[in-house]
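What the coordinates show
Single-letter residue listing:
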Amino acid sequence: MDAPVPLIACALLAAGAILLRGPRLRAASTLGVLVLAPVLLLADIWDTDQLRAVRDHPPAAIAAAVAGALVVVALAWLVHRRPEALPVAAALTIPFRVPIAVGGSTSNLLVPLYLVVAAGALAYAVPRLVGGDGAERPPERRPGALEWLLAIAVVLYAVQASYSDDRDQALQSLVFFYVPFAVLFALLARMTWTRALALRVLGVVSALALVFVAVGFVEYATRHLLLNPKIVAASQAGSAFRVNSLFFDPNMYGRFLAVVMIGLAATLLWTRRARDAGALAAALVMLWAGLVLTLSQTSFAALLLGLLVLAGARWRLRWAIGTGVAALVAGAALVVLSPSAIDVHLDSAKGANTATSGRYELVRGGVDLFRQRPLAGYGSGAFSVAYRRAEHAAGDSVSVSRSHTIPVTVAAEQGVIGLAAYVALLVAAFATLLRGARAEPVRVALAAAFAALVLHTWSYAAFLEDPLTWALLGAGLALARAAADARPRRRRRPAQEPAVPVPA
């Protein structure tokens, strides 16, 4: 990809789907994303070997495209008739990734979710462009800080792709993640969310999580992973066997389980029926057993943080903070006083790198990259190329595809500019999710899940590349607005009438 202008235009259209208030302009921007994003991707990979079958067999390619279009149209009709079907369908498809060879490498793409997003975009945009439906709806709200910062993040990523050392990676990240998930956020944020709808979505992801856990149990019993043979080799080389169920990575599997468990725990804390409490507790026990088999320390820490947020909202905040501080102190004391007990040795760079599964060297290399180009970084998606050049790394490209610490990746790729936008986005997100949420269990659960996800990204990867981020923020923003509208406004005291002069 040599010309960044089309990529920036695509990012601006995605930002328009979030920010524009006019229904027709916003609908046109949303449809523009659906057209331009696939065109950019096809233009970038048209001459690669991956599309040889498409070029050599046009009828089959056309038939597949028509079949996909029919599926999208059918889903769009369903979403138009029943808007609540969109978040349910998104929840049903959000975990599933399909391995597709793109640009010389294999990417795990959320193809089912892309179809749902496309259907939701059509259901939203077509009535407003064709039937003038927007005129009958209430006026759109003025976008807030969270929406502006999400739009800025998408556009900034596209702009900084113009000087990236790996523009193909930047394009794929935008087309596969940033742009479609921005549309998903815009659709979810403009929905009318109710407690019943939120519970329905939680029920869907909980059922999926239980199925994934069952698959994980089978994997552990048979010592055979269904996906990603590289994890098999790593498990055989180590002392324990890690399961990843139908995910391609045990850490991403653990992240999904942790988020679902936080939602179930919130429901358990606020339920008043003993029968529901028993079912929720049983589901949590099953999911905990599945999470243990992932051996994902990052997911354990994320779950703990989410539970502390729930405890602080349900009971007393200072108790939750005290518990968290005590857990940190106990963990630090264990590492310092008895490192051999947990096989963690931080007295040398080699020991730290081993204890962190190679993350120490990646983080150190990312910090060095940031020092070399502190203002604007090496460009979007360029961490792998820049790291290899600086460290003369060799071997598997996956091991250096990211720093496994999102702030470090952002700093190395986007510099102070991107890091400032990232910090501002976190501040706006937590302010939106937490303000006035303590008395509303659904909002508390969303805030706790988002906090857990953010912590997970600090020792792994995929923040804005994860659809869970955008879905949690979209639903949280919609519920925050509904709560603000429901609060009784203070009645202003009537102004005192001016004194009437009495004639002498």
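Everything discussed here concerns the structure shown above.
Here's what I pulled together on the structure shown here.

About the criteria used
Residues numbered from 1 in each chain as written. Predicted model: local features only at pLDDT ≥ 70, side-chain atom pairs only at ≥ 80, totals over all residues. Heavy atoms only, no water. Helix = DSSP H or I, 4+ residues; strand = E, 2+ residues; numbered from the N terminus. Buried < 20%, exposed > 50% of the residue type's maximum accessible area, 1.4 Å probe, protein only. Areas by Shrake-Rupley, 256 points an atom, 1.4 Å probe, with all protein chains shown as cover. Core = buried A, V, L, I, M, F, W, Y, C linked by side-chain atoms within 4.5 Å. Contact = heavy atoms within 4.5 Å. Phe/Tyr/Trp six-rings, centres within 6.5 Å; stacked < 30°, edge-to-face > 60°. Salt bridge = Lys/Arg side-chain N within 4 Å of Asp/Glu carboxyl O. Patch = residues over 30% accessible without salt bridge, like charges linked within 9 Å, V, L, I, M, F, W, Y side chains within 5 Å. Expected span 1.5 Å × (residues − 1). Axes fitted to C-alpha atoms, helices over the stretch in contact; angles between N-to-C directions. Parallel < 35°, antiparallel > 145°, perpendicular 65-115°, else oblique. Left-handed = near helix turned anticlockwise from the far one by under 90°. Nonpolar A, V, L, I, M, F, W, Y, C, P; charged D, E, K, R; others polar.

So, the overall build of the protein
In terms of helices and strands, the protein carries 20 helices and two strands. Here the protein holds 504 residues, and 46% of them are scored as buried. For the protein, the exposed area adds up to about 25,100 Å²; of that, 66% sits on carbon and sulfur atoms.

Section: the nonpolar core
Within the largest apolar cluster, 126 residues are counted, with the highest numbers of intra-cluster contacts made by Trp193, Phe450 and Phe463. Considering every element that reaches this core, the biggest residue donor is helix α8 (residues 167-189), with 17 residues. Apart from residues no more than four positions distant in its own chain, Phe450 is found in contact with Leu426, Ala429, Phe430, Leu433, Phe463, Thr469, Leu472 and Leu473. Formed by eight residues, the second largest nonpolar core is a distinct cluster that contains Leu362, Leu369, Ala382 and Ala386.

Looking at the side chain of Ser245
Topologically, Ser245 is positioned in the loop between α10 (229-237) and α11 (250-270). Ignoring any residue separated from it by four or fewer positions in sequence, one finds Ser245 in contact with Phe212, Val215, Gly216, Glu219, Leu227 and Tyr253.

Here's the deal with the packing of aromatic side chains
All chains considered together, the criterion is met by 15 aromatic pairs. Between Tyr157 and Tyr178 the ring centres are 4.4 Å apart and the planes differ by 25 degrees, which places this aromatic pair in the stacked class. One end of the pair, Tyr157, is in helix α7 (residues 145-160); the other, Tyr178, is in helix α8, and 21 residues separate them in sequence. Both residues of the pair, Tyr157 and Tyr178, belong to the buried class.

Brief notes about the pattern of salt bridges
If you walk through the whole model with that rule in mind, you get eight salt bridges. The closest approach of N and O atoms between Glu84 and Arg82, which form a salt bridge, is 3.1 Å. Look at Arg82 and you get partly exposed, because its relative accessible area is 47%. The shortest N-O distance in the salt bridge between Arg481 and Glu147 comes to 2.5 Å. Remark: Glu147 occurs in helix α7 and Arg481 occurs in helix α20 (residues 467-486); sequence separation between them is 334 residues. A single burial state applies to Arg481 and to Glu147, both of which are buried. A network of salt bridges, in which partner residues are shared, links Arg364, Asp368 and Arg371.

Focus on unusual backbone geometry
The phi torsion at Arg223 lies on the positive side, around 55 degrees, for a residue other than glycine. Exposure remark for Arg223: the relative accessible area of 46% places this residue in the partly exposed category. Here Ala462, not a glycine, exhibits a phi torsion of approximately 65 degrees, which is positive.

What to know about a nonpolar patch on the surface
A cluster of nonpolar side chains, Ile62, Val66 and Leu70, forms an exposed patch at the surface whose accessible area comes to about 300 Å². Position of Leu70 relative to the elements: it lies in helix α4 (residues 58-81). When its relative accessible area of 59% is taken as the criterion, Leu70 is described as exposed.

Overview of the environment of Val363
Looking at where Val363 falls in the secondary structure, it is placed in helix α16 (residues 359-372). Exposure remark for Val363: the relative accessible area of 24% places this residue in the partly exposed category. Through-space distance from the C-alpha of Val363 to that of Thr409 is 8.4 Å; in sequence the pair is 46 residues apart.

Section: helix α13 (residues 297-314)
If you check α13, its first and last C-alpha atoms are 26 Å apart, about what 18 residues at 1.5 Å a residue would give, namely 26 Å. Those residues of α13 not exposed but buried are Thr298, Ser299, Ala302, Leu303, Gly306, Leu308, Leu310, Ala311, Gly312 and Ala313.

As for the packing of helix α18 (residues 406-434) against helix α19 (residues 441-458)
The interhelical angle for the contact between α18 and α19, taken along N-to-C directions, is 165 degrees, at an axis separation of 11 Å. By the angle between their directions, the pair α18 and α19 is classed as roughly antiparallel. Classified by chirality, the crossing of α19 by α18 is left-handed. Between α18 and α19, the residues in contact are Ile406, Pro407, Tyr422, Leu426, Ala429, Phe430, Thr432, Leu433 and Leu434 and Arg443, Leu446, Ala447, Phe450, Ala451, Val454, Thr457 and Trp458, respectively.

Remarks on the packing of α7 against α8
Contact pair α7 / α8: the axes reach a minimum separation of 10 Å and the direction vectors enclose 160 degrees. In terms of orientation, α7 and α8 fall into the roughly antiparallel class. Between α7 and α8 lies a crossing of left-handed hand. Across from Glu147, Leu150, Ala153, Val154, Tyr157 and Ala158 in α7, the residues of α8 making contact are Ala170, Ser173, Leu174, Tyr178, Ala182 and Phe185. Here the residues of the contact of α7 with α8 sort into 10 nonpolar, one polar and one charged.

Focus: helix α5 (residues 85-93)
Across the nine residues that make up α5, a large majority, seven, are buried. Taken together, the buried positions of α5 are occupied by Ala85, Leu86, Pro87, Ala89, Ala90, Ala91 and Thr93. Summarising the contacts, the buried residues of α5 are in contact with α4, α6 (111-130), α8 and α9 (195-222).

Here we look at the side chain of Thr457
Locating Thr457 in the fold gives a position in helix α19. On the basis of relative accessibility, which here comes to 0%, the residue Thr457 falls in the buried class. When sequence neighbours within four positions are dropped, the list of residues in contact with Thr457 reads Arg255, His404, Thr405, Ile406, Ala462 and Phe463.

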